[in-house]
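As a plain string of letters, each chain reads:
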Amino acid sequence: MLIRTLTGLALVPLLFLLLWAPPWAVVSGLGLMSAIAVYELLRRWPHPVKMRVMIMACGFVAVFYALIYIRAGLYTVTAALFLFLLILFAEVLIDSRGFTFFGLAGVFFAVSAIPAMYSSVARLVFRPDRLYVALLPFLITIISDLFALFTGKLLGRHKLAPLISPHKTWEGALGGYLFCVAAAVGYGAVISLFGASVDYARLALYGAAGGIVSQFGDLAMSAAKRSLDIKDFGRIFPGHGGILDRFDSLLFVAPVVEILVTLMPAIQIG
């Protein structure tokens, strides 16, 4: 637990790059993170995925984020995804024993779901209110993870999903959820000191929705690991595992935050 907490805290200073780093640097970092996550998943996939296909998958992630950077339209992104799908089917036709349809399904899921969900962070960086909204997905996931862990350790009695994640409890989940709401409102109070106009009810909704989705994402990826019969996807972060282990909840929280700040803005600047 100590190593896990220290590793999480050590990553916090990197988050401030989201506020001031050039957009190309943020998009490149997210692209690298997504490519590593894709590789982590595919190397654990139960059906064979050839190294050549893995390299192509990571290459597609780079193309995807290049399109995000130039703000390409939906049709362009869809066309790129369709072209990659054709390439995957060609690989199956060339070597149907070495690369089956089930391998194709894993690759296509990885390169369509993972980059798309993480890319919500990139679109938040492009917004004019970047300084106020870019940190929200990370704030919610970090608070949910830390306080679900601490509350569960202190008060946990009732198992949340014993067959998927034996150490998670309803008490821990509730603690993480409540602290997410409090943290979102507290964050609003802080940024209001710097001139932002804040709708606290909507920020509380951000925290409530994010807290639920964060817990769901954590359990969803735990279920995936159970299905694959592995403990961790990778070993990059001591006490956490790989990208998909440390940023599993972010996969789900980032799109929710992007949707909320777009449809129900809680922070006004100017």
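Preceding this paragraph is the structure being described.
Described in the following lines is the structure provided in the data block. Keep in mind that this is a model prediction, so the values were computed, not measured.

### Regarding the overall build of the protein
Point 1. Summing up its helical and strand segments, the protein has 12 helices and four strands in all.
Point 2. Considered along the principal axes of its C-alpha atoms, the protein spans approximately 60 × 45 × 30 Å.
Point 3. Out of the 270 residues in the protein, the part that is buried amounts to 49%.
Point 4. In the protein, 73% of the contacts between residues at least 6 apart in sequence involve partners at least 24 apart.
Point 5. Here the protein displays about 13,600 Å² of accessible surface, and carbon together with sulfur accounts for 73% of that area.
Point 6. The averaged location of the 13 negative side-chain charges in the protein is 3 Å from the averaged location of its 20 positive side-chain charges.

### Notes on the side chain of Arg130
Point 1. Its location among the elements puts Arg130 in helix 7 (residues 130-133).
Point 2. Within the local environment of Arg130, its side chain forms a polar contact with the backbone oxygen of Leu18, the two atoms lying 2.6 Å apart.
Point 3. Residues within four places of Arg130 in sequence aside, it is in contact with Leu17, Leu18, Leu19, Trp20, Ala21, Pro23, Val26, Leu124 and Val125.

### Observations concerning the packing of aromatic side chains
Point 1. Counted under the stated rule, the structure contains eight aromatic pairs.
Point 2. Seen in terms of ring centroids, Phe147 and Phe150 are 6.4 Å apart; in terms of plane orientation they differ by 90°. Their pairing is edge-to-face. Taken together, the positions of Phe147 and Phe150, both in helix 8 (residues 136-155) and three residues apart, correspond to about one turn of that helix.
Point 3. According to the relative accessible area criterion, Phe150 is partly exposed, its value standing at 30%.
Point 4. Here Phe216 and Phe252 contribute two aromatic rings whose centre-to-centre distance is 5.8 Å and whose plane-to-plane angle is 80°, an arrangement assigned as edge-to-face. Of this pair, Phe216 sits in helix 10 (residues 200-228) while Phe252 is found in helix 12 (residues 248-263), placing the two residues 36 residues apart along the sequence.
Point 5. An aromatic cluster of at least three residues, connected via ring pairs, comprises Phe89, Phe101 and Phe102.
Point 6. Here Arg246 stacks its cationic end above the ring of Phe247, 5.8 Å away from the centre of that ring.

### A closer look at the nonpolar core
Point 1. Membership of the largest hydrophobic core comes to 75 residues, with the highest contact counts inside it found for Val107, Tyr118, Leu244 and Ile267.
Point 2. If one sorts the elements of this core by residue count, helix 6 (residues 101-125) sits on top with 10 residues.
Point 3. The contact partners of Tyr118, leaving out residues within four places of it in the chain, are Leu30, Met33, Ser34, Ala37, Tyr65, Ile243, Leu244, Phe247, Leu250 and Leu251.

### Things to note about the pattern of salt bridges
Point 1. Per the stated rule, a full pass over the model turns up 10 salt bridges.
Point 2. A salt bridge links Lys50 to Asp95; its shortest N-O distance comes to 3.7 Å. Here Lys50, found in the loop between helix 3 (23-43) and helix 4 (51-69), pairs with Asp95, found in the loop between helix 5 (74-94) and helix 6; they are 45 residues apart in sequence, far enough to count as distant.
Point 3. You can call Asp95 partly exposed: its relative accessible area is 28%.
Point 4. A salt bridge links Lys231 to Asp232, with the nearest nitrogen and oxygen atoms 3.6 Å apart.
Point 5. For Asp232, a relative accessible area of 22% translates into the label partly exposed.
Point 6. Shared partners join several salt bridges into a network, and the residues in it are Lys50, Arg52, Glu91 and Asp95.

The rules we used
Residues numbered from 1 in each chain as written. Predicted model: local features only at pLDDT ≥ 70, side-chain atom pairs only at ≥ 80, totals over all residues. Heavy atoms only, no water. Helix = DSSP H or I, 4+ residues; strand = E, 2+ residues; numbered from the N terminus. Buried < 20%, exposed > 50% of the residue type's maximum accessible area, 1.4 Å probe, protein only. Contact = heavy atoms within 4.5 Å. Areas by Shrake-Rupley, 256 points an atom, 1.4 Å probe, with all protein chains shown as cover. Lys, Arg positive; Asp, Glu negative; His and termini not counted. Charge placed at Lys NZ, Arg CZ, Asp CG, Glu CD. Polar contact = N/O pair within 3.5 Å; in protein donor to acceptor, adjacent residues only side chain to side chain. Phe/Tyr/Trp six-rings, centres within 6.5 Å; stacked < 30°, edge-to-face > 60°. Lys NZ or Arg CZ within 6 Å of the ring centre and 35° of its normal. Core = buried A, V, L, I, M, F, W, Y, C linked by side-chain atoms within 4.5 Å. Salt bridge = Lys/Arg side-chain N within 4 Å of Asp/Glu carboxyl O.

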